[in-house]
Amino acid sequence: MYKLPIFLLAFMFTFLGVRASSVDVPNIFIKNFSVDDYKASSQNWGLSVAPDGILYVANNIGLLTFDGNTWKHYETPDKSTIKGVTFLNDTIYTISENSFGGWTRDNMGVMRYHKLNKIPAEVKFKEPPAPIPFTLPDEILHAQPSVFMTIDDLYFIGTQNRGLYITSLDGTILRHLSTQDQSLPDNIVRAICIQDAQQIWVAFDNGLSQISFDPALMILGKRSETGKLKNAILQNDTLYIQTNTGYFKRTLKPGDSFIPVDFNKEPFYLPPPVVYDTLQVSSIFNNSESLGNFADADQIYPIGNNMYWLCVDNEAGLFQNENGTGTLKCRVLLNNYSMNMVNRDRRMFALNDTLHLISAMQGILLIDIRDLIGSNLVAGTPLQISEIEYVDKHGIHNLPVNTEKITLPHNFQELTVYVGSTIFTPNHQISYMIEGVSTDWSPWQKDGKISFLQLPEGKYTLKVRKYVVRGPYLEVALPIHVCPPWYNTVWAWIAYILLTGIIAKLGLDYHLRNLRKEEENRKEAERQAEEQRLQQMKSEMLEAELQNKNNELSLQTSALVKRNQAIQALLDELERQKETLGDRYPNKLYMRMKELMEQSLNNQADWLLFETYFNSAHQSFIERLRQQYSDITPGDLRICCLLRMNLSTKEIASLLNVSVRAIELRRYRLRKRLGLDGDTNLIDFLMSF
């Protein structure tokens, strides 16, 4: 009965002895950040990780902060380069080219800079260099070591031209990371900062890197090296895979890589590919509500023991089927690792109970289910609101980050809330929803900046959740109250009621006055209407009288024309008779008859009577002509009057007892006397004068 404990003790001592004598090469996962990510200068000089999970970076153009989701940049007043950064209590200390500075956050979450003449003695921008307990290999010496850090039995040596070396306690180079293997963004290491026992940050002359050790997910081979994964099997600690470019193998030891395999020389068994396209969620799980968003899974992979991987877009969830109900064991969102699953063909490959492969666009990923679940057993870091600001027509305004409710004016233009998950967690994706506006959560996003435009007045709740591997999502809720405009407040409505009463009283008084005034106006209107009626009657009488005068003038003129035409006809007949009879027609009788006819044609009394009728009908037309044209002759006046009556040239010649040619000549002279140009019609001018 004691054999098993003795065996276990022997095994433990053996394992500890081996561990003490050597250090395993660590598995690593590297996440690089470029200028496009942190939007500042490429050159970084120092790093510091605060206990609240904020990374501070000394950058060429100021101080950078990173809360796991959002990068922010702060400049010093003189825009100088910051060469070092560290923290003590609630103050971040920086050293520039010629000065010291202290940074503190106000209640709005904004970093404020204070220039310092000196800093506390306990503030150290660089830790005292620890002695290296081994002789540096020539390879590292030639790379010009610049920075040195250690975690347990691992030593990290940054160089000036060949990137980062990881060595064991005896100086053995375990890993060499540089631009040569495309793992780091630059080879000039400026600073190394220990985040915790599992992660470090590295600052370069061009970029930043976060290096995680023994992560739950790691990349075994790049797509450009192996191709697209089609099948895989793990045999005796050796992983064999089939891709669209051939067969490869490697161990799962850190630092190993895939090498091609000649299937004829080294045969191995690959399980036949299984088609999973026919599997449906409804055929496996009776209760689809227990699956959440995985109820819409487009691919399903059974791995035994009633366990299934369900894939939706770029996320995979591992579920246990218990009597038709799915129980979530863990989930993985590749967005957290800047990876993407393949769009087509198989995505998940189970190697054993804990190790699984994922076919990704970037290559072949290995996921350890136990490590993944274990990383979630640590108390989840809640989301932190780092800054709240809104924009209106007056500019940008910040609100306290510890506020219990966001109160906004009705005319705000944009609200921005910055949420951070800290750098101590590998899961940085967040999603949000505004209750009262939407019932759906937004897609997962890495950026912690949440912005939305103006909302109608009312009450809302901003909910933000953080991605976790297992269990319910960590969530924070923030009430939002959009105030109504001043004209829709309680005080405004009280004023409206009072104002309505005053207006009603004034309106009643005004109405009574209007009634009295309307009665007076009615009587005045009746009087004016009577006067207008009488005036209308007078106008009609005058118009009728004027029309009668016009008629009389027309009749008189027509009679004169006919009489003159008749007399002219008699004269013409008299002339023909004299010409025919000659001396047989006595001259005395001929001359007497001709004289009487000509006297009748030139009777001035007829013209005076015509002028009287004309002036009566045309309102002193002759007098106005005389006043405006003082040199006008009586003959011209007669022509003007007759033309105003729209008589023809022949009729005028008959009335005046002259020839048509004479009338045309007199009309020509009259145009010159009146100063008319060639385009003006004489009759139209006189009729409108």
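You'll find the structure just up there.
Residues numbered from 1 in each chain as written. Predicted model: local features only at pLDDT ≥ 70, side-chain atom pairs only at ≥ 80, totals over all residues. Heavy atoms only, no water.

Visitor: Just checking my understanding: could you explain the overall build of the chain for this structure?
Guide: A count of helical and extended segments in the chain gives 14 helices and 36 strands. Taken over the C-alpha trace, the chain has a radius of gyration of 55 Å; the compact-globule value for 689 residues is 26 Å, which it surpasses by more than 25%. Across the 689 residues in the chain, those meeting the buried criterion constitute 42%. Of all intrachain contacts in the chain linking residues separated by at least 6 positions in sequence, the fraction that spans at least 24 positions is 51%. (Helix = DSSP H or I, 4+ residues; strand = E, 2+ residues; numbered from the N terminus. Rg over C-alpha atoms; globule rule 2.2 N^0.38 Å. Buried < 20%, exposed > 50% of the residue type's maximum accessible area, 1.4 Å probe, protein only. Contact = heavy atoms within 4.5 Å.)

Visitor: Sorry, what's going on with the sheet that holds strand 26 (residues 348-350) here?
Guide: Through backbone hydrogen bonds, the strands of a sheet pair up, either in parallel or in antiparallel fashion. A sheet is described by the order of its strands in space; here 4 strands give the open sequence 17-28-27-26, paired in antiparallel fashion. The open sheet has two edge strands, strand 17 (217-222) and strand 26, and neither has a second partner. Strand-to-strand, the axes of this sheet are offset by a mean angle of 25 degrees, without reference to chain direction. (Pairing = 2+ DSSP bridges. Axes fitted to C-alpha atoms, helices over the stretch in contact; angles between N-to-C directions.)

Visitor: What's the story with the packing of aromatic side chains in this structure? I'm lost.
Guide: Each aromatic ring pair is described using two quantities: the centre-to-centre distance and the angle formed by the ring planes. The tally for this structure, following the rule as stated, stands at 21 aromatic pairs. For the ring pair phenylalanine 33 and tryptophan 201, a centre distance of 5.7 Å and an interplane angle of 25 degrees mean the geometry is stacked. Here phenylalanine 33, found in strand 1 (residues 28-33), pairs with tryptophan 201, found in strand 15 (residues 199-204); they are 168 residues apart in sequence, far enough to count as distant. A relative accessible area of 0% places tryptophan 201 in the buried class. Ring geometry for phenylalanine 66 versus tryptophan 71: centroids 4.3 Å apart, planes at 15 degrees, classification stacked. Phenylalanine 66 gets classed as buried once you look at its relative accessible area, which sits at 4%. By the ring-pair criterion, three or more aromatic residues cluster together here, those being Phe33, Tyr38, Phe66, Trp71 and Trp201. Of note, lysine 83 hangs over the ring of tryptophan 45, and the distance from its end group to the ring centre comes to 3.5 Å. Taking NZ or CZ as reference, arginine 250 lies 5.8 Å from the ring centre of phenylalanine 258, over its face. (Phe/Tyr/Trp six-rings, centres within 6.5 Å; stacked < 30°, edge-to-face > 60°. Lys NZ or Arg CZ within 6 Å of the ring centre and 35° of its normal.)

Visitor: Just to check I follow, could you spell out the pattern of salt bridges for this structure?
Guide: Oppositely charged side chains can pair when the atoms bearing their charge come close. Applying the stated criterion to the full structure yields 17 salt bridges. Taking the shortest distance from any N to any O, the salt bridge between lysine 463 and glutamate 435 comes out at 2.7 Å. Here lysine 463, found in strand 35 (residues 458-466), pairs with glutamate 435, found in strand 33 (residues 430-435); they are 28 residues apart in sequence, far enough to count as distant. What makes glutamate 435 partly exposed here is its relative accessible area of 31%. (Salt bridge = Lys/Arg side-chain N within 4 Å of Asp/Glu carboxyl O.)

Visitor: Looking at this model, I keep getting lost on helix 12 (residues 649-656). Mind explaining?
Guide: Most of helix 12 is tucked away, with 6 of its 8 residues classed as buried. The complete set of buried residues in helix 12 reads Thr649, Ile652, Ala653, Ser654, Leu655 and Leu656. Positive backbone phi, approximately 60 degrees, marks asparagine 657, located one or two places after helix 12.

Visitor: Explain the side chain of serine 421 here, please?
Guide: Inspection of the secondary structure puts serine 421 in the loop between strand 32 (414-420) and strand 33. For serine 421, a relative accessible area of 0% puts it in the buried group. Here histidine 428 takes part through its side chain, which lies 3.2 Å from a polar atom of the side chain of serine 421. (Polar contact = N/O pair within 3.5 Å; in protein donor to acceptor, adjacent residues only side chain to side chain.)

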